[in-house]
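Residues per chain, in single letters:
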2 protein chains.
Amino acid sequence: MRLYLAGPDVFLPDPLARAAALKAICAHYGFIGVSPLDPLAGEPEDWTMMPEALRIARRNEAHIASCDALVANLTPFRGPSADAGTVFELGFMRALGRPVYGWSNDPTPFAHRTRTFAGVTGGHDADGMQIEDFGLADNLMIEGAIHASGGTLTQAASAHAERWTDLAAFAACIAAIRAR
Amino acid sequence: MRLYLAGPDVFLPDPLARAAALKAICAHYGFIGVSPLDPLAGEPEDWTMMPEALRIARRNEAHIASCDALVANLTPFRGPSADAGTVFELGFMRALGRPVYGWSNDPTPFAHRTRTFAGVTGGHDADGMQIEDFGLADNLMIEGAIHASGGTLTQAASAHAERWTDLAAFAACIAAIRAR
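The text that follows walks through the structure, step by step, so that each part is easy to find. (Residues numbered from 1 in each chain as written. Chains lettered and ligands numbered in written order. Predicted model: local features only at pLDDT ≥ 70, side-chain atom pairs only at ≥ 80, totals over all residues. Heavy atoms only, no water.)

**Focus: the interface of chain B and chain A**
(1) Moving on: Each partner contributes residues to the interface: chain B has 53 residues there, and chain A has 53 residues.
(2) Moving on: Buried area between chain B and chain A, summed over both chains or domains, comes out near 4,400 Å², and the portion from carbon and sulfur atoms is 70%.
(3) Moving on: For the pair chain B and chain A, the interface holds six salt bridges.
(4) Moving on: Put simply, D127(B) and R163(A) hold a salt bridge, and the shortest N to O gap is 2.8 Å.
(5) Moving on: Between the two partners, chain B and chain A, sit 12 residue pairs in polar contact (both at pLDDT 80 or more).
(6) Moving on: Contributing elements (two or more residues each) for the side of chain B that touches chain A: α2 (52–65), α3 (84–95), α4 (110–118) and α5 (140–149) of chain B.
(7) Moving on: With 10 residues, α3(B) is the largest single contributor of residues to the side of chain B that touches chain A.
(8) Moving on: Split by residue class, the side of chain B that touches chain A holds 29 nonpolar, 11 polar and 13 charged. (Contact = heavy atoms within 4.5 Å. Buried area = accessible area lost by both parts, 1.4 Å probe. Salt bridge = Lys/Arg side-chain N within 4 Å of Asp/Glu carboxyl O. Polar contact = N/O pair within 3.5 Å; in protein donor to acceptor, adjacent residues only side chain to side chain. Helix = DSSP H or I, 4+ residues; strand = E, 2+ residues; numbered from the N terminus. Nonpolar A, V, L, I, M, F, W, Y, C, P; charged D, E, K, R; others polar.)

Next up, the structure:
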């Protein structure tokens, strides 16, 4: 079974080492981990004409479509929510009807994180826009998709300084997929 | 043609009035605008047993699947990127193979917004994580999907205080769809 490894891990200082670490855990549980950084077998030749960013986007879409499930690093990234690219990919896989799994190194509820970010305590931010507060881990489309697809969400309370390196929640997430 | 109207507009103080305003512009150009707040015809009865947040997520997925294209409000929301729910929905529609369009009231490049958010001037944030810098409007999966699907991205430089109310970029986006 092929698992697409979505996450802002690609922005880490040594993204290839990180991808190797994630793949090793997948292999330990009998899965093939597919990284956004992997070359794409049979990549169309005319993609070489595209700007690099657009080519990466096409390649990632193709990688996702080649996988049986998606595992997303939902640790909040530069704001109260998960990384935008990761969330896009989760929505993409959800529409393909395959299971989506999430893990996060920050178990603080989304509404709490949003209020802290916005510097408010009530139901609205300084622009008068509502704080989404359903007791979930992130925007409801994310947890809704995980639930509807039959996936799971694994959270760990990592130290803040270790939230981009700690792999305990990821390993627990992969173990949970194995156990199903 | 039915257009799904994705965006954090649902968090505005009067989200139904906002949805009506967006729909009126769609109607002016001969389109049916579909809001996340619309009731879903034929909603399965057993959804009433679900927690409200998960039911909203399912309903939005069904709305998207019922539409011919998606129009996303990509104005940065609580961080350098667009609203997480909006980005999820954009990825969902992209995987269905239909056109996705975007509009934003902030034309500042994504890399510039990210550096400002992170308080850095170089290529990495305080966690050592890379600043994505391809000269795009947001994470490359977003603009990649718009480009690959044949959609367009419309940007306007609204005053900061009017970025959640100004509909000029939205109207220009809908007009561009009409012109195709």
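On we go from here.
**Observations concerning the packing of aromatic side chains**
(1) Moving on: This structure, assessed with the given rule, holds nine aromatic pairs over all chains.
(2) Moving on: Taking the centre distance of 5.7 Å and the plane angle of 10° together, the rings of F11(B) and F77(B) count as stacked. Here F77(B) lies in the loop between β3 (69–73) and α3 and F11(B) lies in the loop between β1 (2–6) and α1 (15–28), a separation of 66 residues in the sequence. As far as the burial class goes, F11(B) and F77(B) line up, both buried.
(3) Moving on: Among the aromatic residues, those joined into a cluster by ring pairs are F11(A), F77(A) and W164(A). (Phe/Tyr/Trp six-rings, centres within 6.5 Å; stacked < 30°, edge-to-face > 60°. Buried < 20%, exposed > 50% of the residue type's maximum accessible area, 1.4 Å probe, protein only.)

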